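Examining the three-dimensional arrangement
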Amino acid sequence: MTSSFPSALPDPSALLDLDARHVWHPFTQARTAPEPQVIVRGEGPYLYAADGTRLLDMVSSWWVNLHGHAHPAIAGAIARQAQELEHVIFAGFTHAPAVTLAARLAAELPGRLSRIFYSDNGSTAVEAALKIALQAGFNRGETRTRILAFEGGYHGDTFGAMSAGATSGFYAPFQDKLFQVDFVPYPATWAGDPEVEAKERAALSALDALLGDDVAAIVLEPLVQGSAGMRMARPAYVDEVVRRVRAAGGLVIFDEVMTGFGRTGRLWAARHLSEVPDLMCLSKGITGGFLPLGVTAATEELYRAFGGDSFAQAFAHGHSYTANPLSCAAALASLDLTLSPETAANWERIGAAHERALPELAAHPHLERVRRCGTILAAEIRGAGEYGGNVSLELRQFFAARGLLLRPLGNVVYLLPPYVVTDEQLGQAYAAFLDAAQTFGRPG
Ligand SMILES: *Cc1c(COP(=O)(O)O)cnc(C)c1O
């Protein structure tokens, strides 16, 4: 696992010392967390650390990387754009990268999502979608104000996104500042789940009890709830939820921040569904993992609800870096790669490799709820963490010692690789998965 390349850093230990004094890391308890690893370089599915070790990035660096690290096509597009126009205020001005990207996304998005509103990240994409849904009704003089979401859903860490994801945990200090959202049960399922139909029926009756003429919108992660632990639902259930919300007059927001750009084996999770949303949120993979960018796509009909003679009807929302040309250039280069036949073949190949690995994982007595959607594979290690401790941290270290970057969610181990991962590299990950089950789990 060691390789001989010169470290780009003068002194990693000095860097770690400064890090410990000045840096505040996300989702990290600094008191107990192990020292962060200094990464100096990335290439393909590998990250190279200052100590000479390399890690196979099986979580696409928090689900953002699509085509491998430091991909030259995307790096080149950013470099060229940086020499032309790095940024311009997007109110009153426009530019080719943003316009081209909007048109190209509109051509690929489901249904009639022809309007692209840019922001910076997944949370802001969700905030914008919620605000568009609420203001569209307000502008039309409607009194719909209720927001629905799936139980366990995660939509980001800003206040609106936290409200819509209130059941995903971590929000106790802010609970009384979150707005009211009603939660629809999420019938998570897996390979060979005998109760899926009963769960779906119960979930749909719970939904019916929540629906009324005051529902403004539902926001949901279609097919796979990421942060909740790669919880998967059947397309028919999601379609039925969409139909019922729409029949009650509510808008439908797909949060495809994680599922977008091929994770589910198709460009969008929506491409597994028959129903289409009114609003769709994209981020994470949109630039191939190079630069932050958020997109909220809306139908022309929603866009028209903001037209009027007064500014009061306009969407008074924007961020300093809205439609940043560098991010848009990265997104365009990444989209070229994403729409190539090679990438579609990789989705197929990774899915097929997962499918071949499934029986052995499912047969392991320490693993349960083995599931796959497209390029995402997940299973729960039975009994892991039952007696407290920090099992996901221990698992992380277990995998790191085997040269793998994996970041389990509790006892859920999942693979969400960049599409350039090879079958051999996937094989290493499956083997480590089984080893971890053997080490951390217990029979049912
Ligand atoms: C990560 C994520 C978000 C938030 O995106 P950020 O860029 O981290 O703000 C929102 N929705 C889903 C489904 C996500 O996975």
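Please refer to the structure placed before this passage.
Residues numbered from 1 in each chain as written. Predicted model: local features only at pLDDT ≥ 70, side-chain atom pairs only at ≥ 80, totals over all residues. Heavy atoms only, no water.

Structural notes on the overall build of the protein chain
In plain terms, the rule: What counts as a helix is a DSSP run of H or I of at least four residues, what counts as a strand is a run of E of at least two, and both are numbered from the N terminus. Only C-alpha atoms enter the radius of gyration, while the globule expectation follows 2.2 Å times N to the 0.38, with N the number of residues. Relative accessibility under 20% of the residue-type maximum defines a buried residue, over 50% an exposed one, and the middle range a partly exposed one, all with a 1.4 Å probe and only protein chains included. All accessible-area figures derive from a Shrake-Rupley calculation using a 1.4 Å probe, and residue coverage is judged against the displayed protein chains alone. Positive charges come from Lys and Arg, negative ones from Asp and Glu, while His and the chain ends are left out of the count. The atom standing in for a charge is NZ when the residue is Lys, CZ when it is Arg, CG when it is Asp and CD when it is Glu.
The helix and strand inventory of the protein chain stands at 13 helices and 16 strands. Taken over C-alpha atoms, the radius of gyration comes to 22 Å for the protein chain, in line with the 22 Å a tight globule of 444 residues would show. Every one of the 444 residues in the protein chain was classed for burial, and the buried ones make up 53%. By element, 55% of the accessible surface of the protein chain is carried by carbon and sulfur atoms, the whole surface being about 19600 Å². Between the mean site of the 35 positive side-chain charges and the mean site of the 46 negative ones, the protein chain shows a separation of 2 Å.

Things to note about the pairing of strand β5 (residues 146-150)
Put simply, the rule is: Between any two strands, at least two bridges found by DSSP are needed for them to pair. Handedness is read with the strands pointing away from the viewer; a crossover is right-handed when the path from the first strand over the helix to the second is clockwise.
Taking burial as the measure, the 5 residues of β5 include 5 buried ones, the bulk of the element. Side-chain alternation along β5 places Arg146, Leu148 and Phe150 on one buried face and Ile147 and Ala149 on a second face that is also buried. Taken together, the 4 bridges between β5 and strand β7 (residues 215-220) define a ladder with parallel strand orientation. Counted as the bridge partner of Ala149 is Val219 from β7. Pairing analysis gives 3 bridges linking β5 to strand β6 (residues 182-184), with the strands arranged parallel. Paired with Leu148 across the strands is Asp182, a residue of β6. Where the polypeptide runs from β5 across helix α6 (residues 159-164) and back to β6, its parallel neighbour, the crossover connection is right-handed.

Some remarks on the site of the ligand
Worth spelling out the cut-off: Throughout this document, a residue counts as near a molecule or strand when at least one of its heavy atoms sits within 4 Å of that molecule or strand. Identification of polar contacts relies on pairs of N or O atoms within 3.5 Å, with a donor-acceptor requirement for protein atoms, meaning one able to donate a hydrogen and the other able to accept it, and with residues adjacent in sequence counted only if both atoms are side-chain atoms. Here the nonpolar group is Ala, Val, Leu, Ile, Met, Phe, Trp, Tyr, Cys and Pro; Asp, Glu, Lys and Arg are the charged ones; every other residue, Gly included, is treated as polar.
Close to the ligand lie Trp63, Asn121, Gly122, Ser123, Tyr154, His155, Gly156, Glu221, Asp255, Val257, Met258 and Lys284, which account for all nearby residues. Lys284 places a side-chain nitrogen or oxygen 2.7 Å from an oxygen atom of the ligand. Taken by itself the ligand offers 380 Å² of open surface, and the protein chains cover 84% of this. The class makeup of the residues in the shell around the ligand is 4 nonpolar, 5 polar and 3 charged.

Notes on the sheet that holds strand β13 (residues 367-373)
Applied cut-off: Angular values range over 0 to 180 degrees, each being the angle between N-to-C directions of two axes fitted as lines to C-alpha atoms, with helices fitted over their stretch in contact. For this analysis, residues touch if any pair of their heavy atoms sits within 4.5 Å.
Taken together, 3 strands build an open sheet; the order of strands is β13-β14-β16 and the sheet is antiparallel. Pairing within the sheet leaves two strands with one partner each, and these edge strands are β13 and β16 (412-415). For this sheet, the mean angle separating the axes of adjacent strands, direction not counted, is 15°. The pairing of β13 with strand β14 (residues 376-381) spans 5 bridges and is antiparallel. Across the sheet, the residue bridging to Cys373 is Ile376, located in β14. Its contacts with the sheet put helix α11 (residues 341-363) on β13, β14 and β16, and the angle it makes with β13 is roughly 170°.

Topic: the side chain of His67
Positionally, His67 belongs in the loop between α2 (60-63) and α3 (72-84). Take His67: its relative accessible area is 6%, and that puts it in the buried class. There is a polar contact of 3.0 Å between the side chain of His67 and the side chain of Thr338. Non-local contacts of His67, meaning those with residues more than four positions away in its chain, are made with Ile74, Ser334, Leu337, Thr338, Thr343, Tyr419 and Val420.

Re the layout of surface pockets
Our working rule: For cavity detection a 1 Å grid was placed over the protein atoms alone, and a set of points counts as a cavity when a 1.4 Å probe fits there but cannot get out; an open set counts as a pocket when protein lies on both sides within 12 Å along at least five of seven lines, with lining residues being those that have an atom within 4 Å of a point. Grid points are joined across faces, edges and corners, and a volume is the space filled by probe spheres set on the points.
Taken as a whole, the second largest pocket spans an internal volume of roughly 770 Å³. Around the second largest pocket, the lining comprises 28 residues; the ones closest to its centre are Phe90, Ile116, Phe117, Tyr118 and Tyr303. Only α4 (96-108), β4 (113-119), β12 (294-299) and α9 (300-304) provide two or more residues apiece to the lining of the second largest pocket. Sort the elements by how many residues they give to the lining of the second largest pocket and β4 lands first, with 5 residues.

Digging into the pattern of salt bridges
For clarity, the cut-off: When a carboxyl oxygen of Asp or Glu is within 4 Å of a side-chain nitrogen of Lys or Arg, the pair counts as a salt bridge.
Tallied over the entire structure, the rule returns 24 salt bridges. Asp336 is the salt-bridge partner of Arg104, the closest N and O atoms lying 2.8 Å from each other. With Arg104 in helix α4 and Asp336 in helix α10 (residues 325-338), this residue pair connects regions lying 232 residues apart in the sequence. Among the salt bridges present, the one from Glu368 reaches Arg382, with a minimum N-O distance of 3.5 Å. Placement of the pair is Glu368 in strand β13 and Arg382 in the loop between β14 and α12 (391-400), with a sequence separation of 14 residues. The partly exposed category is assigned to Glu368, whose relative accessible area is 24%. Each of Asp208, Glu240, Arg243, Arg244, Arg246, Glu275 and Asp278 takes part in a single network of salt bridges with overlapping partners.

Describing the packing of aromatic side chains
For the record, the criterion: We call Phe, Tyr and Trp rings a pair once their centres come within 6.5 Å, taking the six-membered ring for Trp, and we label the pair stacked below 30 degrees between planes, edge-to-face above 60, and tilted otherwise.
Applying the stated criterion across every chain, the model contains 14 aromatic pairs. Their ring planes at 25° and their centres at 6.0 Å tell us that Phe150 and Tyr237 sit as a pair that is stacked. With Phe150 in strand β5 and Tyr237 in helix α8 (residues 235-247), this residue pair connects regions lying 87 residues apart in the sequence. Residue Phe150 is classed as buried on the basis of its relative accessible area, which comes to 1%. The buried category is assigned to Tyr237, whose relative accessible area is 2%. An angle of 85° between the planes, with centres 5.3 Å apart, marks the rings of Phe398 and Phe440 as edge-to-face.

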